[in-house]
Amino acid sequence: MGRSPRKDLLAGLTVAVVALPLALGFGIASGAGAQAGLVTAVIAGAVAAVFGGSNVQVSGPTGAMTVVLMPIVHRYGTKGLLTVGLLAGGVLVLLALLRAGRCMAYVPVPVVEGFTVGIAAVIALQQVPGALGVKASTGSNPVVVAFKTVGDFAAHPNWGALAVTCAVVAIMLVGARRRPGVPFSLIAVVIATLVVRFTHLRVATIGHLPAGIPVPSVGFLDTSAITALLPSALAVAALAALESLMSATAADAMSVNEHHDSNRELFGQGLANLVVPLFGGVAATGAIARTAVNVRTGAASRLAALVHAAVLAVIVFVAAPLVAGIPLAALAGVLIATAIRMVEVGSLKALARSGRGETLILALTAAATLAFNLVTAVIAGLVVSGALALRAVANAARVEQVPLHADLPPADHHEEEQALLAEHIVAYRLDGPLLFAAAHRFLLELTETADVKVVILRMSRVTAMDASGARVLRDAIDRLAHRGALVLLSGVRADHQSRLDALGILDDFHNTGRIFPSTPEAIDFARAHLHGAGVLSAQPAAGPTTLDPAGAGR
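Now for a quick tour of the structure. (Residues numbered from 1 in each chain as written. Predicted model: local features only at pLDDT ≥ 70, side-chain atom pairs only at ≥ 80, totals over all residues. Heavy atoms only, no water.)

Now for the overall build of the protein chain. A count of helical and extended segments in the protein chain gives 23 helices and eight strands. Counting every position in the protein chain, which comprises 554 residues, the buried fraction comes to 50%. Accessible surface, the protein chain as shown: approximately 25,200 Å² in total, 63% of it carbon and sulfur. (Helix = DSSP H or I, 4+ residues; strand = E, 2+ residues; numbered from the N terminus. Buried < 20%, exposed > 50% of the residue type's maximum accessible area, 1.4 Å probe, protein only. Areas by Shrake-Rupley, 256 points an atom, 1.4 Å probe, with all protein chains shown as cover.)

Put into structure tokens, the structure is as follows:
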């Protein structure tokens with residue numbers, strides 16, 4: 001925290017200015033009131049900053065969380081809301097102790113990028129009413145609300161608000177490109193406030209705030225209601241974990257040399273959600289908008305988030321009249337510029353060049369974020385990513401017929417016999433994972449072999465095998481045996497053999513000794529089998545061979 005205190009102070013101050021109206025608005029939208037939103041921003045912001053796993057994450061009430069909280073308030077009231085927050089905090093702490101944060105490492109990069117793009121679009125669309133100086137239309141989808149707001153603006157335009165928003169966006173984007181270290185967002189807000197105040201533009205401001213926020217009376221539902229509230233608490237905990245870790249991951253991507261600790265972040269968010277309800281606050285999570293403002297304005301440590309919480313507390317109790325004059329259009333401009341800067345064009349181009357699959361995942365996640373919500377978007381991205389990964393795994397599996405000469409014993413047999421061996425014995429090498437995604441294609445390829453007496457399956461290069469792959473292997477063996485072919489196995493790994501044994505697939509192979517450590521030993525067994533069947537006539541040998549350890553020289 002002592003590396004760059006000046007940058008952290010400026011970043012924390014800027015984030016506080018941006019977070020104030022958001023905290024008020026999200027508190028009201030959740031159904032708990034503006035006071036609850038402010039309490040959440042101050043307390044959760046401080047607790048998560050100290051105990052969380054990201055140096056630049058800013059926590060507080062968020063728009064995504066209000067969608068989950070509103071039905072709880074309507075059904076159970078404020079006490080139910082506080083109880084759910086307390087339960088969700090306990091679940092998050094438990095997830096941290098179970099080290100569930102490492103699961104975030106399995107979220108593909110296109111999903112994270114798509115989430116970031118989608119959130120950036122949602123943030124920008126949510127600012128359309130403030131940017132146009134029009135009262136927000138009713139509705140939960142930001143695209144629909146923005147479209148209705150544009151229609152209302154066309155009927156009753158407010159050019160002053162639009163001019164303020166555009167000016168703030170221009171100052172931030174142009175200024176950040178030329179002088180990245182200067183807090184142009186704060187400068188733009190101050191300029192816009194002064195201009196609106198002295199020119200009397202018809203632009204709405206934050207308005208009157210009470211000078212001091214008393215802690216609301218806190219109450220919780222009794223233990224008999226916990227069973228009914230548990231599903232809601234799990235949903236809140238899942239959203240808080242997902243949004244916080246995704247926000248921290250996006251913050252790492254926007255920062256230099258930053259890497260968050262996902263398990264510690266879950267613990268910090270859990271502790272914050274355990275403490276906040278005691279003061280009448282709502283469920284909190286890592287906030288991507290405020291985190292992005294924090295990063296883009298030069299935050300270097302947790303000091304910025306702590307400053308943000310402290311400034312909000314000071315504003316609430318001391319400087320409410322000054323904040324009341326900030327134009328909402330200026331804050332809309334700050335967030336629109338922040339949303340634009342959240343999108344890393346270079347990363348998007350790189351993903352687009354890497355393949356159509358990555359582009360599809362990114363676009364789907366971003367579109368689902370806009371159309372539905374964060375959880376649905378991430379689930380959709382993970383499902384498509386999993387399907388494409390399984391397709392890649394299936395394509396990686398290979399069944400290849402290999403010549404026998406490389407594995408035949410030293411050339412102490414006649415060429416005629418070697419030709420007969422090649423005519424009656426076929427060897428297949430199985431490469432890659434033998435999983436359900438590739439198993440049936442494997443079965444078709446393997447059972448298309450011509451009529452031969454012996455089939456050797458070389459399995460040393462099978463990297464993975466599941467129950468479906470094992471069962472398909474059994475079906476292939478049964479089909480080959482039905483056609484009169486003797487099936488031999490070579491190079492079966494110990495872990496794969498245990499799975500095959502558990503399913504009873506190798507019982508007959510163990511009884512008849514048809515499992516071999518290497519392919520040459522399998523070929524020796526096949527030669528002996530063909531001699532015994534009269535397919536090959538016995539040939540005199542020049543000396544002992546590997547076929548006869550005793551030196552009989554068959």
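Having put the structure on the table, let's press on.
With five of five residues buried, strand β7 (residues 486-490) is to be regarded as a mostly interior element. Burial along β7 is two-sided: L486, L488 and S490 facing one way and V487 and L489 facing the other are all buried. As defined by bridge partners, β7 adjoins strand β8 (residues 515-516) across two bridges and the pair is classed as parallel. Within the sheet, the bridge partner assigned to S490 lies in β8 and is F516. (Pairing = 2+ DSSP bridges.)

Now for the environment of I206. Within the secondary structure, I206 sits in the loop between α8 (184-199) and α9 (226-254). Look at I206 and you get buried, because its relative accessible area is 18%. Between the alpha carbons of I206 and L331 there is a distance of 9.6 Å; along the sequence they are 125 residues apart. Once residues lying within four places of it in the same chain are set aside, the contact partners of I206 are P21, L24, V323, A324, I326, L328 and L331. (Contact = heavy atoms within 4.5 Å.)

Estimates place the volume of the second largest pocket at around 400 Å³. Taken together, 17 residues line the second largest pocket, and the ones lying closest to its centre are K7, V295, G298, A299 and A300. For the lining of the second largest pocket, the secondary structure elements donating two or more residues are α1 (5-30) and α11 (288-296). Across the lining of the second largest pocket, the residue classes break down as seven nonpolar, six polar and four charged. (1 Å grid on protein atoms, 1.4 Å probe; cavity = no way out; pocket = protein on both sides within 12 Å on 5 of 7 lines; lining within 4 Å. Points joined across faces, edges and corners; volume = space filled by probe spheres on them. Nonpolar A, V, L, I, M, F, W, Y, C, P; charged D, E, K, R; others polar.)

What follows is about the packing of aromatic side chains. A complete count under the given rule lists two aromatic pairs for this structure. The interplanar angle of 80° and the centroid separation of 5.2 Å between the aromatic rings of F153 and W159 together place this pair among those described as edge-to-face. Taking relative accessible area as the criterion, W159 reaches 58% and is therefore assigned exposed. Measuring from centroid to centroid gives 5.3 Å for F516 and F525, while their planes differ by 50°, and the two rings are tilted. (Phe/Tyr/Trp six-rings, centres within 6.5 Å; stacked < 30°, edge-to-face > 60°.)

Counting residues in each nonpolar core, the largest one holds 94 residues, and the members touching the most others are L69, I123, V164, V168, V236, M246 and M342. Counting residues per element, this core draws most heavily on α9, at 13 residues. With residues up to four places along the chain from it excluded, the contact list for I123 reads I288, A289, L335, A339 and M342. L430, L457, V492 and L506 belong to the second largest nonpolar core, which has 23 residues in total. (Core = buried A, V, L, I, M, F, W, Y, C linked by side-chain atoms within 4.5 Å.)

End to end, helix α17 (residues 374-396) covers 33 Å across 23 residues, agreeing with the expected 33 Å (1.5 Å per residue, within 8%). Buried within α17 we find L374, A377, V378, G381, V384, S385 and A394. (Expected span 1.5 Å × (residues − 1).)

Now for the side chain of T297. Tracing the backbone shows T297 in the loop between α11 and α12 (303-317). Residue contacts for T297: discarding those within four places in its chain leaves K7, A11, T14 and S185.

Attention now moves to the pattern of salt bridges. Think of it this way: side chains of opposite charge can pair up when their charged atoms draw near. Following the criterion strictly, the structure yields six salt bridges and no others. E344 is the partner of R296 in a salt bridge, and the nearest nitrogen-oxygen pair spans 2.8 Å. Highlighted residues: R296 in helix α11 and E344 in the loop between α14 (328-342) and α15 (345-354), separated in sequence by 48 residues. For R296, a relative accessible area of 19% puts it in the buried group. Note that R514 and D508 form a salt bridge whose closest N and O atoms lie 2.5 Å from each other. (Salt bridge = Lys/Arg side-chain N within 4 Å of Asp/Glu carboxyl O.)

For α8, with 16 residues, the first-to-last C-alpha span of 22 Å sits near the 22 Å given by 1.5 Å per residue. What α8 keeps buried is the set F184, S185, L186, A188, V189, A192, T193 and V196. The positive-phi residue at the C-terminal boundary of α8 is H200, with phi of around 60°.

The packing of two helices is summarised by the inter-axis angle and the distance between the axes. Relative to each other, α1 and α14 sit at 110°, their axes nearing to 10 Å. On the basis of their axis angle, the class for α1 and α14 is roughly perpendicular. The handedness of the crossing between α1 and α14 is left-handed. Along its contact with α1, which presents V17, V18, P21 and L22, the element α14 presents L331, V334 and L335. Among the residues forming the contact of α1 with α14, the class breakdown is seven nonpolar, no polar and no charged. (Axes fitted to C-alpha atoms, helices over the stretch in contact; angles between N-to-C directions. Parallel < 35°, antiparallel > 145°, perpendicular 65-115°, else oblique. Left-handed = near helix turned anticlockwise from the far one by under 90°.)

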